[in-house]
Amino acid sequence: MRRPEGGNCVEVAACPNAVHVRDSKAPAGPTLHLSPTAGANFLTAERYIRHLYTR
């Protein structure tokens, strides 16, 4: 989910048993670890919010 133009971005790593999310500008900072279901919900919400702001 990185955007070449910069801005507020996160990196997402999907693994079989977890989804890991971190701030792309602070890779050594905290990481959010989610279950696959919670990770899917997070990504769905992110896409919806991005859609609202890009209309």
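See the structure shown above.
Description of the structure in this document. (Residues numbered from 1 in each chain as written. Predicted model: local features only at pLDDT ≥ 70, side-chain atom pairs only at ≥ 80, totals over all residues. Heavy atoms only, no water.)

1. Side note on the overall build of the protein
So the rule is basically this: Secondary structure elements follow DSSP: runs of H or I no shorter than four residues count as helices, runs of E no shorter than two count as strands, and numbering proceeds from the N terminus. Note on exposure labels: buried denotes an accessible area under 20% of the residue type's maximum, exposed denotes more than 50%, and partly exposed covers the range between, all computed with a 1.4 Å probe on protein chains only. We call two residues in contact whenever any of their non-hydrogen atoms come within 4.5 Å of each other.
Secondary structure assignment for the protein yields one helix and three strands. Listed by position from the N terminus, the elements making up the protein come as β-β-β-α. Every one of the 55 residues in the protein was classed for burial, and the buried ones make up 16%. In the protein, 13% of the contacts between residues at least 6 apart in sequence involve partners at least 24 apart.

2. Side note on the sheet that holds strand β3 (residues 31-34)
The condition is simple: Two strands form a pair only when DSSP identifies at least two bridges running between them. Angles here are taken between N-to-C directions and fall from 0 to 180 degrees, while the axes themselves are lines fitted to C-alpha atoms, restricted in helices to the stretch in contact.
The sheet built from three strands is open, its strands ordered β1-β2-β3 with antiparallel pairing. Looking at which strands have only one partner, the edges of the open sheet turn out to be β1 (10-15) and β3. Pairwise comparison of adjacent strand axes, ignoring direction, gives a mean angle of 15° for this sheet. Across six bridges, β1 lies against strand β2 (residues 18-23) in antiparallel orientation. Along β2, the bridge assignment pairs alanine 14 with valine 19.

3. Considerations on the environment of alanine 13
Position of alanine 13 among the secondary structure elements: in strand β1. Since its relative accessible area comes to 36%, alanine 13 is described here as partly exposed. For alanine 13 and glycine 39, which are 26 residues apart along the polypeptide, the C-alpha to C-alpha distance reads 9.8 Å.

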